[in-house]
Amino acid sequence: QVQLVESGGGLVQAGGSLRLSCKASGSIFDFNVMGWYRQAPGKERDLVASMTSASRTNYAESVKGRFTISRDNAKNMVYLQMNNLKPEDTDVYYCKLAFPLTGRSYWGQGTQVTVSS
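In this report, the structure presented in the accompanying data block is examined. (Residues numbered from 1 in each chain as written. Predicted model: local features only at pLDDT ≥ 70, side-chain atom pairs only at ≥ 80, totals over all residues. Heavy atoms only, no water.)

Quick word on the pairing of strand S1 (residues 2-7)
Regular strands show a simple pattern: their side chains alternate between the two faces of the sheet. Burial of the side chains of S1 is restricted to one face: Val-2, Leu-4 and Glu-6 are buried, whereas none of Gln-3, Val-5 and Ser-7 on the reverse face is. One ladder, built from six bridges, connects S1 with strand S3 (residues 18-26); its direction is antiparallel. When the bridges of S3 are listed, Glu-6 appears paired with Cys-22. (Buried < 20%, exposed > 50% of the residue type's maximum accessible area, 1.4 Å probe, protein only. Helix = DSSP H or I, 4+ residues; strand = E, 2+ residues; numbered from the N terminus. Pairing = 2+ DSSP bridges.)

Concerning the nonpolar core
Of all hydrophobic cores here, the largest spans 28 residues; its most connected members are Leu-4, Trp-36, Leu-80, Met-82 and Tyr-93. Once residues within four sequence positions are removed from consideration, Met-82 is found in contact with Gly-16, Ser-17, Leu-18, Leu-20, Arg-66, Phe-67, Tyr-93 and Val-113. (Core = buried A, V, L, I, M, F, W, Y, C linked by side-chain atoms within 4.5 Å. Contact = heavy atoms within 4.5 Å.)

As for the pattern of salt bridges
Under the definition given, this model contains four salt bridges. Residue Asp-89 is joined to Arg-38 by a salt bridge in which the shortest nitrogen-to-oxygen separation is 3.0 Å. On the criterion of sequence distance, the pair formed by Asp-89 in the loop between strand S8 (77-82) and strand S9 (91-99) and Arg-38 in strand S4 (residues 33-39) is long-range, its members being 51 residues apart. In this pair, the class of Asp-89 matches that of Arg-38, namely buried. Taking the shortest distance from any N to any O, the salt bridge between Glu-61 and Lys-64 comes out at 2.8 Å. Its relative accessible area of 63% is what places Glu-61 among the exposed residues. Here the residues in one salt-bridge network are Arg-38, Arg-66, Asp-89 and Asp-91, joined through shared partners. (Salt bridge = Lys/Arg side-chain N within 4 Å of Asp/Glu carboxyl O.)

See below:
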């Protein structure tokens with residue numbers, strides 16, 4: 001069983017920064033993808049950024065140049081540094097851990113990010 005625990009959300013003014021953290025625990029295979037998604041009420045959950053265990057990254061166009069994803073494989077942690085935040089970045093942010101070889105994936109409980117104008 002895998003568990004994900006996120007932290008670091010909160011309220012920030014436009015132009016500010018936040019850093020999200022996600023800790024994975026349990027049975028974690030070496031080849032995996034950790035990422036961040038966000039979801040507004042009534043909308044689909046969209047990819048923000050992801051990073052494979054081999055450090056390959058993928059970003060949504062809307063966050064390129066502002067957000068940076070990083071990992072600490074030894075600690076099974078993934079981070080999302082969010083700079084120059086905009087009101088449209090307001091959402092619940094979810095951490096995801098996926099194992100491409102088995103098709104299984106796991107989600108955290110979500111953390112609220114609110115950016116005021």
